[in-house]
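Here are the chains, one letter per residue:
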Amino acid sequence: MARQGTVITARRNEVGYFANIWRSARSILEGMAVTFSIMRRPAITVHYPDRLPMPMQDMLPERSRGLLEVDLLCCTGCQACARACPIDVIRMRVGREGKLRLIERFDIDLGKCMYCGLCVDACPVTAQAPGDAETTCAIRFSKEFEGTVTDINAMVYRYVRPGDKVVVAKNKKGMVHDTPPRGQLALEARKLAAQVNPGAIRAIRERLASDPTAGDNPDLTAAFKIPAKPKSKK
Ligand code: SF4
Ligand code: SF4
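Residues numbered from 1 in each chain as written. Chains lettered and ligands numbered in written order. Predicted model: local features only at pLDDT ≥ 70, side-chain atom pairs only at ≥ 80, totals over all residues.

A.B. asks: What should I look at first to understand the overall build of the protein chain in this one?
C.D. replies: A count of helical and extended segments in the protein chain gives six helices and eight strands. Along the protein chain, helices (α) and strands (β) appear in the sequence α-α-β-α-β-β-α-β-β-β-β-β-α-α when read from the amino end. Taking all 234 residues of the protein chain together, 23% fall into the buried category. (Helix = DSSP H or I, 4+ residues; strand = E, 2+ residues; numbered from the N terminus. Buried ≥ 20, exposed ≤ 12 C-beta atoms within 10 Å, placed from the backbone.)

A.B. asks: Before we go on, may I ask you to explain the site of ligand 1 in this structure?
C.D. replies: Residues in close proximity to ligand 1 total 13 residues, the closest being C85, V89, C113, C116 and C119. Residue classes in the shell around ligand 1 are distributed as twelve nonpolar, one polar and no charged. (Near = placed C-beta within 6 Å. Nonpolar A, V, L, I, M, F, W, Y, C, P; charged D, E, K, R; others polar.)

A.B. asks: For this particular structure, what's the right way to read unusual backbone geometry?
C.D. replies: A cis amide bond, omega 0°, links Y48 with the succeeding residue P49. Here P49 is to be found in the loop between α1 (2–39) and α2 (56–59). Notably, Q79 is not glycine yet its phi reads approximately 70°, a positive angle. Within the secondary structure layout, Q79 lies in the loop between β1 (68–70) and α3 (80–84).

A.B. asks: What exactly am I supposed to notice about the nonpolar core here?
C.D. replies: Looking at soluble globular proteins, one finds that nonpolar side chains tend to be buried together. Grouped together as the largest cluster of nonpolar side chains are 34 residues, with contacts concentrated most on V70, I90, A138 and I139. Looking at this core, the elements with two or more residues in it are β1, α3, β2 (90–97), β3 (100–109), β5 (139–141), β6 (156–158) and α5 (184–210). Looking at which element gives the most residues to this core, the answer is α5, with four residues. Setting aside residues no more than four positions away along its own chain, V70 makes contact with C75, F106, I108, A138, I139, Y159 and L185. (Core = buried A, V, L, I, M, F, W, Y, C linked by C-beta atoms within 7 Å. Contact = placed C-beta atoms within 7 Å.)

A.B. asks: So what exactly am I meant to see when it comes to the environment of K172 here?
C.D. replies: Checked against the element boundaries, K172 lands in the loop between β7 (166–167) and β8 (176–178). The exposed category is assigned to K172, around which 5 C-beta atoms lie within 10 Å. Separated by 47 residues in the primary sequence, K172 and V125 place their C-alpha atoms 9.2 Å from one another.

A.B. asks: Got a minute to help me understand the site of ligand 2 in this structure?
C.D. replies: As a structural note, the neighbourhood of ligand 2 is formed by 14 residues, with C75, C78, C81, C123 and I139 the closest of them. Broken down by class, the residue content of the shell around ligand 2 amounts to eleven nonpolar, three polar and no charged.

A.B. asks: Which parts of the structure should I look at to understand the pairing of β3?
C.D. replies: Looking down a regular strand, the side chains alternate between one sheet face and the other. In this sheet, β3 lies alongside β2 in antiparallel orientation, the contact comprising eight bridges. When the sheet's bridge partners are listed, M92 is paired in β3 with F106. Here β2 hands over to β3 after two residues, with G98 in that stretch at a positive phi of 65°. One ladder, built from three bridges, connects β3 with β6; its direction is antiparallel. By the bridge assignment for β6, D107 is matched with R158. (Pairing = 2+ DSSP bridges.)

These figures capture arrangement, not role.
Written out as structure tokens, the structure reads:
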């Protein structure tokens, strides 16, 4: 009886051995069938950035959330965007000279922006960029996305150069402002920021470090959220 049991077990092992080989071969064939069927389909991926049929920005949908930009020529200086931003990405200053209201500062710190779009929703201005199917706002997302820099200070895009002033736009009910193609202003601001901002911001920080009274200047401390120096206890 014991010998018969051993023979049956050996036969079972033999059958299991060949069944395993068959299962393995079948699973390899199934996998290769999927591979070969995909090899015949056209690729849906693209080689970025050097082998594109057209610029990547032209391949993106109009509502893409790329770099945020503002067209100051149709901005009314209402500051609704700055108030709507939950993390103080937008820093504005609006002054007055006689009857004129002037935008003296409009910085967007894209290093902090989380692309939520609350500022765009708050903007009351309607603008039309050439070639766009939909209208946009004075502040809007563009299809530009290549904003990588090696110095985080270059991510502060300054739409009003320090010392300049821009007269606010008038916005009548139902008015649609003409505006440049989306992305153009962000590209200009990005180039300027890369050239100017790292050095300028570093200089402000160095001045704050070396001059104990510079921390009292609200323009300097507010400019890049540098904490004001605590007043020494007498
Ligand atoms: S997209 Fe959101 S986080 Fe960025 S500036 Fe606008 S409100 Fe602020
Ligand atoms: S971008 Fe729009 S919301 Fe912001 S200040 Fe200008 S008009 Fe007002």
